[in-house]
Amino acid sequence: MAAEIRVDGDTLVVDIIGMDKFWALKSRLEIPLAHVAGATLDPGVDREFKGIRTGGTHFPGWLTAGRFRKDGEMVFWDVRDPNKAVVIALRDETYARLIIEVADPRATVDLVEHAIIRS
Amino acid sequence: MGRPRAFDETEAVQAAAALFARRAFDGVSVDDLVSHLGVHRNSLYQVFGSKRGLYLRALRWSLQHQVRPLIGADTAVLVSEPALDLLLMAATERAPEDPEVAREVSTILAELDTAVRPETTATLLGMRLRARVTREG
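A brief look at the structure comes next. Just so it is clear, the structure is predicted and the values come from calculations on it, not from any experiment. (Residues numbered from 1 in each chain as written. Chains lettered and ligands numbered in written order. Predicted model: local features only at pLDDT ≥ 70, side-chain atom pairs only at ≥ 80, totals over all residues. Heavy atoms only, no water.)

Residue and element names in this part refer to chain A. Ordered by their spatial adjacency, three strands build an open sheet running 1-2-3, and the pairing between neighbours is antiparallel. Single-partner strands in this sheet number two, and they are strand 1 (3-8) and strand 3 (28-32). Pairs of neighbouring strands in the sheet enclose a mean axial angle of 15 degrees, with direction left out of account. Sheet topology note: the strand 1/strand 2 (residues 11-16) ladder contains six bridges and is antiparallel. When the bridges of strand 2 are listed, E4 appears paired with D15. Against the sheet, helix 2 (residues 105-118) touches strand 1 and strand 2, its axis set at about 25 degrees to strand 1. (Pairing = 2+ DSSP bridges. Helix = DSSP H or I, 4+ residues; strand = E, 2+ residues; numbered from the N terminus. Axes fitted to C-alpha atoms, helices over the stretch in contact; angles between N-to-C directions. Contact = heavy atoms within 4.5 Å.)

Moving on, we come to the interface of chain A and chain B. In this complex, chain A contributes 21 residues to the contact, which on the side of chain B involves 19 residues. Among the residues of chain A in contact with chain B, A:T40, A:D71 and A:I117 are the three that bury the most area, contributing 30% of the side total. For the pair chain A and chain B, the number of links is five salt bridges. Applying the counting criterion to the chain A and chain B interface returns twelve residue pairs in polar contact (both at pLDDT 80 or more). Breaking the side of chain A that touches chain B down by element, the ones donating at least two residues are strand 4 (36-41), strand 8 (85-90) and helix 2 of chain A. In terms of residue count, the dominant contributor to the side of chain A that touches chain B is strand 4 of chain A (five residues). For the side of chain A that touches chain B, the residue count by class is seven nonpolar, five polar and nine charged. (Buried area = accessible area lost by both parts, 1.4 Å probe. Salt bridge = Lys/Arg side-chain N within 4 Å of Asp/Glu carboxyl O. Polar contact = N/O pair within 3.5 Å; in protein donor to acceptor, adjacent residues only side chain to side chain. Nonpolar A, V, L, I, M, F, W, Y, C, P; charged D, E, K, R; others polar.)

A word on the environment of A:A115. All names here are of chain A. Mapped onto the fold, A115 is located in helix 2. A115 sits 104 residues away from T11 along the chain, and the two C-alpha atoms are 9.4 Å apart. Beyond its immediate chain neighbours, meaning those up to four positions away, A115 contacts V7 and L33.

Below, the structure is given as structure tokens:
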């Protein structure tokens, strides 16, 4: 597992776990729920060209962690196992998307989507 | 905002409605959407926020443009109408766990109930479900 995602009040909190803090150059992201557009289970996202790495680590087939710029957008990655990758789309944030590996992708998608509906 | 967004949103929503009606929400992956809709993954997330965001848009489009115009139509027409399929799938698969989908489904069912008796609405949907199984519709 690369990260833990939870909702704290009106904020989505992404805690990067273990050594991934080092690879991703990040330990925590906090996003207002109002800036979260949605969450999707998307294993196929890992097969796409990730863009230009502007910070972090990329070992193809093993680990993608850190900031990537693609098509004018900044995307944050922290994925080892693409089958557990969740895409969280953001608006009015530095990152257009967070692509994060979590232990239970389906539960995480439900958590984020229901938090958006409530907020 | 990123660059790749050269696609017709309405066409993409219509294509998504057809795909979700055939395979249901869980049966459609983002890879399926990207290949069937001809939309960049980036664009899909930029415009719709998530697969669920696109699904909601597709469901609302289908209810407004496919189902609502049929209210009051002859029973035989309704039963043979694939346009009811996304409503059926939404009612069985997504509505129990998604309050926004449940609201959309409840609203259109109430409209159908007003046009005919609630028992007739239930019969119609059941007959449509059966038509799907037997590929008559």
